[in-house]
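Below, each chain spelled out in residue letters.
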Amino acid sequence: MSRPVFTAHTLDTAPAAARATMTGVHRNLGHLPTAVALMAESPELLKGFLTANAVFEASDLDPVAREVVVFTVATRNECHLCVAMHTAALTRQGADPELIEALRAGAELPDPRLEALRRFTLAVLDHRGAVSDGELDTFLAAGWQPRHALDVVLGVGTYTISTFANRLTGAPVDPPLAAYAWEPAA
């Protein structure tokens, strides 16, 4: 059996249940990303990801900390689109280029507190949430709170949806993100 072909829907071809969500994305961004057009095949997936993302954005993690979680999931799951998209986001925010490069490479971060967050996110991924007491203690000793550990779980869940959907559908890097293209290390 061959891989099903996923359709990059327009507002006219999308399932009716996805159209309002797609319209909202277009209104907010000024364009419709191809990844959204592909996710629209399942209106529930699209709405679920965008809802989870909005909740994650409202978590107690600051914007840079959220990006650390997103990048950690995206590089681990080898989502070229997520890495490009979030590189662009951090660049627009004026983030330190050294931080961005380390995140893209999955390397140690220059800020010890953010590095503790990155390592904890990896532990959550590696152990499917069952992190050791030592891993949790190290995370908390870096200045994070128990609530932040749960916010990491929220981010991991949210971006597992995105990375898996983007990889399954073969979502391309849209032209505005081409300068931030990324490929996993061999």
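Quick look at the structure, then. (Residues numbered from 1 in each chain as written. Predicted model: local features only at pLDDT ≥ 70, side-chain atom pairs only at ≥ 80, totals over all residues. Heavy atoms only, no water.)

**Re the overall build of the protein**
Quick note on the threshold: A helix here means a DSSP run of H or I that spans at least four residues, while a strand means a run of E at least two residues long, and both kinds are numbered starting from the N terminus. By definition in these notes, contact holds between two residues if any of their heavy atoms fall within 4.5 Å. Computed by Shrake-Rupley with a 1.4 Å probe, the accessible areas treat only the displayed protein chains as cover when residues are assessed. Charge counting follows a simple rule: Lys and Arg are positive, Asp and Glu are negative, and His as well as the terminal groups are ignored. In this description, the location of a charge corresponds to atom NZ of lysine, CZ of arginine, CG of aspartate or CD of glutamate.
Along the protein, the regular secondary structure elements total nine helices and zero strands. When the elements of the protein are put in sequence order from the N terminus, they spell out α-α-α-α-α-α-α-α-α. Principal-axis analysis of the C-alpha atoms gives the protein an extent of 50 × 40 × 30 Å. In the protein, the proportion of contacts linking residues at least 24 apart, taken out of those at least 6 apart, comes to 65%. Of the roughly 9,700 Å² of accessible surface on the protein, a fraction of 58% belongs to carbon and sulfur atoms. Both charge centroids of the protein, one from 14 positive and one from 21 negative side chains, sit 6 Å from each other.

**Quick notes on the packing of aromatic side chains**
Which entries qualify depends on this criterion: Pairing of aromatic rings covers Phe, Tyr and Trp, the last through its six-membered ring, and needs centres within 6.5 Å; plane angles under 30 degrees mean stacked, over 60 mean edge-to-face, and all others mean tilted. For every residue, the accessible area (1.4 Å probe, protein chains only) is compared with the maximum for its type, and the residue is labelled buried under 20%, exposed over 50%, or partly exposed between those bounds. Put simply, a charge is over a ring when the Lys NZ or the Arg CZ is close to the ring centre, within 6 Å, and near the line of the ring normal, within 35 degrees.
In the structure shown here, the tally under the stated rule is four aromatic pairs. Each ring, one from F120 and one from F139, has its centre 4.1 Å from the other, and the planes form 20 degrees; the classification is stacked. Taken together, the residues F120 in helix α7 (residues 112-126) and F139 in helix α8 (residues 133-141) connect sequence positions 19 residues apart. Of the two residues, F120 and F139, both sit in the buried class. Judged by centre distance (5.8 Å) and plane angle (5 degrees), the ring pair of F139 and W144 falls under stacked. In this structure, F139 and W144 share a single accessibility class: buried. Within the aromatic cluster, the residues linked to one another by ring pairs are F49, F56 and Y159. A cation over an aromatic ring shows up here: R113 above the ring of W144, its NZ or CZ 3.6 Å from the ring centre.

**Side note on the packing of helix α4 (residues 63-76) against α7**
Rules: Interaxial angle, 0 to 180 degrees, is taken between N-to-C directions of lines fitted to C-alpha atoms, where a helix line uses only the stretch in contact. When an angle is under 35 degrees it counts as roughly parallel; over 145 it counts as roughly antiparallel; between 65 and 115 it counts as roughly perpendicular; any other value is oblique. It is the rotation of the near helix from the far one that decides the hand of a crossing: anticlockwise by less than a right angle makes it left-handed, clockwise makes it right-handed. Residues are grouped as follows: Ala, Val, Leu, Ile, Met, Phe, Trp, Tyr, Cys and Pro are nonpolar; Asp, Glu, Lys and Arg are charged; all remaining types, including Gly, are polar.
Between α4 and α7, the shortest axis-to-axis distance is 9 Å and the interhelical angle comes to 40 degrees. Relative to α7, the element α4 is oriented oblique. Every pair of crossing elements has a handedness; the one defined by α4 and α7 is right-handed. Contacts between α4 and α7 involve V64, A65, V68, V69, T72, V73 and R76 from the first element and L114, L117, R118, T121, L122, L125 and D126 from the second. By residue class, the composition of the contact of α4 with α7 is nine nonpolar, two polar and three charged.

**Section: the pattern of salt bridges**
Side chains that differ in sign of charge can pair as their charged atoms come close. For the record, the criterion: For this document, the term salt bridge refers to a Lys or Arg side-chain nitrogen within 4 Å of an Asp or Glu carboxyl oxygen.
By the definition in use, this model includes six salt bridges. When the shortest N-O distance is used, the salt bridge between R76 and D126 registers 2.3 Å. Of the two residues, R76 is situated in helix α4 and D126 in helix α7; the sequence distance between them amounts to 50 residues. Across the pair E115 and R118 runs a salt bridge whose closest N-O atoms are separated by 2.8 Å.

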